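What follows is the residue order along each chain.
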Amino acid sequence: MRPLIVIGNWKLNGSLARNQDWVKAVAHGMESGIPSGRKFAVCPPFPYLQQCAQLIKEHSLAFLNLGAQDASAHSSGAYTGEVSASMLTELGCTYVIVGHSERRLLHHEIDEVGAAKALQVLDHGMTPVICVGETADERNSGRAEAIVCGQVAKQVNVLQDRLADCLIAYEPVWAIGTGKVASAQVAQDMHRAIRLRLAEFDEDVASHVGILYGGSVKPDNAIELFAMPDIDGGLVGGASLNPQEFLAICQA
Ligand code: PEP
């Protein structure tokens, strides 16, 4: 049985004071109980990882894991501005998002770069959250499944059976930060297609890999999305900034 996983992606948001309030509010909200059989994580910007790790410890939030929004494809050297997987392990990260559509769009990252980053993350004992998804044009021209399964196939080529230790996040680009959530059935159909593509490589890997949905997840649509058989949780951007909304999604 795959656990339900909710991961918050703060993107380029937060401040020392705001992070403190967020952790305090989540700690307070979880006092009444933590849903069992689920996993939760939050991915702040790099400079706040150490502060958030400390706050999670201070508030005894053992159920809340720490994640990063990216990692370098390299282990060390002349790569100004990059952060390596070994540094993220030292800071207590468990999950690392790779290949997010904003990285693809704004930083021209291709699937192979995402796969190289995922390898670094795996080599340092963390779980990569590999993002895939189609644009509005690709969906409107009937190519959504081919595009997404093509992205998955590139990960399979590089990662092979190490994919069993990864998470995949299906994030339709047209749904990210737009308020246009994919219907639960549209998301389920794509999650099924991804799992079938993985099964062509290895049925065991396909049945074990968690596939999260991302794209305008909110408390009011999370219940229906998470009830779908191939949706194993959510990668949540905007709504994760509000502790009450994040809590409601974790409890959905
Ligand atoms: C994301 O950043 O991965 C994301 C899904 O954002 P949002 O929830 O804001 O659409």
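Quick look at the structure, then. (Residues numbered from 1 in each chain as written. Predicted model: local features only at pLDDT ≥ 70, side-chain atom pairs only at ≥ 80, totals over all residues. Heavy atoms only, no water.)

**Things to note about the pattern of salt bridges**
Just so we agree on the cut-off: Salt bridges are identified by distance alone: a Lys or Arg side-chain nitrogen within 4 Å of an Asp or Glu carboxyl oxygen. Burial classes: relative accessible area under 20% of the type maximum marks a residue as buried, over 50% as exposed, and values in between as partly exposed (1.4 Å probe, protein chains only). Helix and strand definitions here come from DSSP, where helices need a minimum of 4 consecutive H or I residues and strands a minimum of 2 consecutive E residues; each element is numbered from the N-terminal end.
Tallied over the full model, the rule gives 14 salt bridges. With a closest N to O distance of 2.6 Å, K117 and E109 form a salt bridge. Residue class for K117 comes out buried when judged on its relative accessible area of 5%. In this structure, the salt-bridge partner of R162 is D123, at a minimum N-O distance of 2.9 Å. In this pair, R162 is assigned in the loop between α7 (144-159) and β6 (167-170) and D123 in helix α5 (residues 111-123), connecting sequence segments 39 residues apart. Residues joined by salt bridges that share partners form a network here, namely R2, R192, R195, D230 and D232.

**Here we look at the site of the ligand**
In plain terms, the rule: We call a residue near a molecule or strand whenever a single non-hydrogen atom of that residue lies within 4 Å of it. Under this definition, polar contacts are N or O atom pairs within 3.5 Å; protein pairs additionally need one hydrogen-donor-capable and one acceptor-capable atom, and for neighbouring residues in sequence, both atoms have to be side-chain atoms. Method for areas: the Shrake-Rupley scheme with a 1.4 Å probe, in which residue coverage is limited to the protein chains shown. Lys, Arg, Asp and Glu make up the charged group, whereas Ala, Val, Leu, Ile, Met, Phe, Trp, Tyr, Cys and Pro make up the nonpolar group; the residues left over, Gly among them, are polar.
Close to the ligand lie 14 residues; K11, E171, G177, S216 and G238 are nearest. At a separation of 2.9 Å, an oxygen atom of the ligand approaches a polar side-chain atom of H100. Contact distances for the ligand include 2.6 Å between an oxygen atom and a backbone N or O atom of G177. When the ligand sits alone it has 300 Å² of accessible area, and the protein chains cover 97% of it. The class makeup of the residues in the shell around the ligand is 4 nonpolar, 8 polar and 2 charged.

**As for the nonpolar core**
Rules: Residues belong to a common nonpolar core when they are buried Ala, Val, Leu, Ile, Met, Phe, Trp, Tyr or Cys residues joined through side-chain atoms within 4.5 Å. We call two residues contacting when some pair of their heavy atoms lies within 4.5 Å.
Core analysis: the biggest nonpolar cluster contains 68 residues, and V6, L64, L88, I194, L198, Y213 and F226 have the highest contact counts within it. What Y213 contacts, discounting residues up to four positions off in sequence, is Y170, P172, A175, V181, A182, A187, H191, L225, I231, G233, G234 and L235. With 12 residues, the next largest nonpolar core counts I5, I7, V129 and L212 among its residues.

**A closer look at the packing of helix α1 (residues 16-29) against helix α11 (residues 243-250)**
For the record, the criterion: Axes here refer to lines fitted to C-alpha atoms; in helices the fit is confined to the stretch in contact. Angles between the N-to-C directions go from 0 to 180 degrees. Should an angle fall under 35 degrees it is called roughly parallel, over 145 degrees roughly antiparallel, and 65 to 115 degrees roughly perpendicular, with every other angle called oblique. Crossing handedness follows the turn of the near helix against the far one: under a right angle anticlockwise gives a left-handed crossing, and clockwise gives a right-handed one.
Between α1 and α11, the shortest axis-to-axis distance is 9 Å and the interhelical angle comes to 40 degrees. Relative to α11, the element α1 lies oblique. The two elements α1 and α11 meet at a crossing, and its hand is right-handed. Counted together, W22, A25, V26 and G29 of α1 and P243, Q244, F246 and L247 of α11 form the full contact between these two elements. Tallied by class, residues from the contact of α1 with α11 come to 6 nonpolar, 2 polar and no charged.

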